[in-house]
Structure formats: structure tokens, C-alpha cells
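Here is how the chains run, residue by residue.
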Amino acid sequence: MKYTVNYGLYPHGKDDSIETRMRLIFEDGLPATEINRHLVLAQIDKSKPLSTPVYQLCIYLNYLALRDMYVTDATMNFIYDFLCELYIDGLSYAGDGTPRSYASICQYVEVLSKLYDSFALRGHPLDESLYLRLPQMILLTDKKDTRRKGRVVKRHEHLTMVHLLSGIFKPNQNDIPKLHYAKWYSPEQIKAISDELPITYRCIFLDTVYTGHRIDSTLSFTMDSVNLYNSEVTPTRTKTGKKHTSWIPETLVNDFQTYLMDVRNNIETDSNYFFIGRDGKPVTYGAYYAALESARIKINKKYGWDIEALHPHAGRSTFAAALRSYQLEQQRNGIPTFSDVDFCNLMDWKSMDSLKHYDLVNRVQDVTPILIDFYKKYDIFSAENSLLADKNKG
């Protein structure tokens, strides 16, 4: 990775006679000067070096670097997308790669808020969005205080709005088990949710349900990687680096064609990404997350349901649970079907251990297998994807 964490001795005091050991961030092996100015101030009066906040900041910097961006290039929407990805799917270079908890997201927000407040205080040019609220923040309240010009900024005051991002998130399954948390979707829920989503987000949602793609993979579709003539889609970005071509049903092909004709063809854009927002830029994690939340409110009101959260990862989980249920049923009946290795290749998992999450009877039986005839086709497709993965690996 471009950014790493290591120890350094910072000289200070009279004639630099004091050397304080602290954790600093290095860029390609050299100290990241402007970032470390902030870290030095944060650690100078500490009895021991900071740990978790420095590593969290390093993860954020690598997230930026992978997108050819520097810390001052970030917009509020970009930071929100970063937090959503951590919260929903996890990052392979963030801890064990699993989704982060709500408490962890709040820590990230605090770390980034302090960073951008520090940059603002030192006069670094930041995107104007960092000083404004996202639409999701409009209803969030700030502590009221009397403000006077020409005074010292207090400990709990902020120069940017980054600190408000934590208010958008809610505790997830890693923190508080919720009886009404939609970990799997039933066929009724799938139809209700897709009916309430605009066509762009309906296509994204149904792709995760029918192919098991991660949201980041679905959003990586390009005009060249979607082959509607053959009903095939190929993500250009996956968690493990493997590229799998997946088959989509005719109903979803029709939705994709409707999206192209009614939405994308009417937007002026130079982007080659398949899913484009009204601004001509690729659809983001945050935009999809907000669309699901809007749909959740509508379906709860319409059907009298009490779903507290629609997890963007649940479409993928539904696919895996339904397909695993079908596979195990075939095996119990002595009917040849795809192997566990094929299953893991199809799901883009690094380890066979991931299968155990879908073997629990109380989980698998909660999901009614969707379109059994459709899933039978994966006897062929999973094997082809397995061969394709081996070729890419070689």
C-alpha cells in the first residue's frame, strides 16, 4: 500500500533536546509531512503514542490513493461513500476485511473530522462541501452555542461538517441484534422494494439479488462489461480481484434496457460507467444507500412492516442463502450439482469458511428459494466462472 504506519522520534523543546516517540504515517517510505503535522499535534502531549486513530487514518489515505486522490481532494460525498463501504462491505486492507461496526464508524468520523478541522485551521484549500451539510444531515441537530469572532476554537467545536456524518449511520448487526433487521429478503420484500426504487437503483438492487454481486462490484459495471444481448454482466472491480461473468434473468435484462433508454441516454456524460446519476457521474455507495432508506420508509408505511434497516449487503446474502439452500437440497436428494469450491468462486470468497454462515438451518430455511429454474442454470455458470477464475489467477 502507498501509505504505512511506523514509529518516529519527534524532536522538540529547547534546542530539540526532547525526543518524543510517536506513530507517524509514511508515503512510499517517506514521512507524509502535512499529515504528520496533524499527528504530531495530536500526540505531543500524550503519555504514549496514538494507535487505532493513526491506523484508521492510514486506511482512509490508502482508500484515497487507490482512486488517485489526495486528502484535500475529498468531498463530503466521497467521505460518506468511504464510510458506507466500510460499514456495509468492509475493505480488504481494513482489519480483517469484514464490515466495521457502528462504534468503529463513529471512531473513523472523529478521526477524519479532526484531520479536516486541522487542515482548515492551517489554511489548506478544502472542497466547499466539507463546510456544508449533506441532504441526509438536514435534520441532524448541533449543540447550540454562542459564537463570537476572533476567539479560540474550543475542544468540541468544529470548523467543518465532517463530524455530523456519524449521525447518518445507525447501529448494525455487529452491535445490537435487531429482530426487524432485514438480513435476508423474502420474495415479497424483493418485489416491494424494487417497486419503490427508481429504475437506476432497481437495476442495482436486483443485480445483487440475482447474481450475488457486492455493491461495489455492481457499481463497477461499464458500458463494455454489460452484454444484454447474451444476458451477461461482468464487474470490473471485485474484492479478491477475480472477474466473474454472471447471467441475469430476462426480467432484469428488460429493466437494464429501460434504464438505458429512459435514463442513461438522456444524461450528458463522458463516463464509461454503466450506472450514472443525474449529474453525469457514476452512482455512489452513498446514493444507493439513501435510495434504499427511502424505499424502506415507503414499504413500511405501505405494507405495515417494521423493517428498521435495509442493508445493501442483504441482496447478496439472499442470493447466497437461496442458492445454498438449493444446492444442499440437491445433494440430499442425490442429484449432481455444483461443488462448494464452485460456490465460493461464484461468491468471490477467499475462504471456504464463509459457507458456514449459510448452513445454519434457522437461517437457510428463512429464505424461500427464488426462481428455482433460474438457479438450476448455475450448475453451468458456476463451473464456467470457476474455470474463468483459474484462468485469471494464472
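Residues numbered from 1 in each chain as written. Predicted model: local features only at pLDDT ≥ 70, side-chain atom pairs only at ≥ 80, totals over all residues. Heavy atoms only, no water.

## Notes on the pairing of strand β2 (residues 18–27)
Then, number 1: Sheet topology note: the strand β1 (residues 3–12)/β2 ladder contains ten bridges and is antiparallel. Directly across from Leu9, in β2, lies its bridge partner Arg21.
Then, number 2: Counting the residues between successive antiparallel strands, the hairpin from β1 to β2 contains five residues, one of them, Gly13, with a positive phi of roughly 85 degrees.
Then, number 3: In this structure, β2 lies alongside strand β3 (residues 30–31), joined through two bridges in antiparallel fashion. Bridging from a neighbouring strand, Glu27 pairs with Leu30 of β3.
Then, number 4: Remark: two residues form the turn of the hairpin made by β2 and β3, two consecutive strands paired antiparallel; Asp28 in that turn has positive phi of roughly 55 degrees. (Pairing = 2+ DSSP bridges. Helix = DSSP H or I, 4+ residues; strand = E, 2+ residues; numbered from the N terminus.)

## Quick notes on the nonpolar core
Then, number 1: Counting 88 residues, the largest nonpolar core has Ile25 and Tyr60 as its most contacted members.
Then, number 2: Top element by residues in this core is helix α3 (residues 76–88). It accounts for ten residues.
Then, number 3: The contacts of Tyr60, once residues within four sequence positions are left out, are Val71, Ala74, Phe78, Ile79, Phe82, Leu112 and Tyr116.
Then, number 4: Core analysis: the next-biggest nonpolar cluster, separate from the first, contains eleven residues, Phe319, Ala320, Cys344 and Met347 among them. (Core = buried A, V, L, I, M, F, W, Y, C linked by side-chain atoms within 4.5 Å. Buried < 20%, exposed > 50% of the residue type's maximum accessible area, 1.4 Å probe, protein only. Contact = heavy atoms within 4.5 Å.)

## Observations regarding the sheet that holds strand β7 (residues 246–247)
Then, number 1: Taken in spatial order, the three strands of this open sheet run β5-β6-β7, and their pairing is antiparallel. Whereas interior strands pair on both sides, the edge strands pair on one side only; in this sheet they are β5 (226–227) and β7.
Then, number 2: Across two bridges, β5 lies against strand β6 (residues 232–233) in antiparallel orientation. Looking at β6, one finds that Asn227 is bridged to Glu232.

## Examining the packing of aromatic side chains
Then, number 1: Taken as a whole, this structure holds 16 aromatic pairs when the rule is applied.
Then, number 2: Plain terms: the ring middles of Tyr63 and Phe78 are 5.5 Å apart, the flat faces sit at 55 degrees to each other, and that makes the pair tilted. Of the two residues, Tyr63 sits in helix α2 (residues 52–65) while Phe78 sits in helix α3, which places them 15 residues apart along the sequence. For the pair formed by Tyr63 and Phe78, the shared burial category is buried.
Then, number 3: Taking the ring centre of Tyr7 as reference, the NZ or CZ of Arg21 above it sits at 3.5 Å. (Phe/Tyr/Trp six-rings, centres within 6.5 Å; stacked < 30°, edge-to-face > 60°. Lys NZ or Arg CZ within 6 Å of the ring centre and 35° of its normal.)

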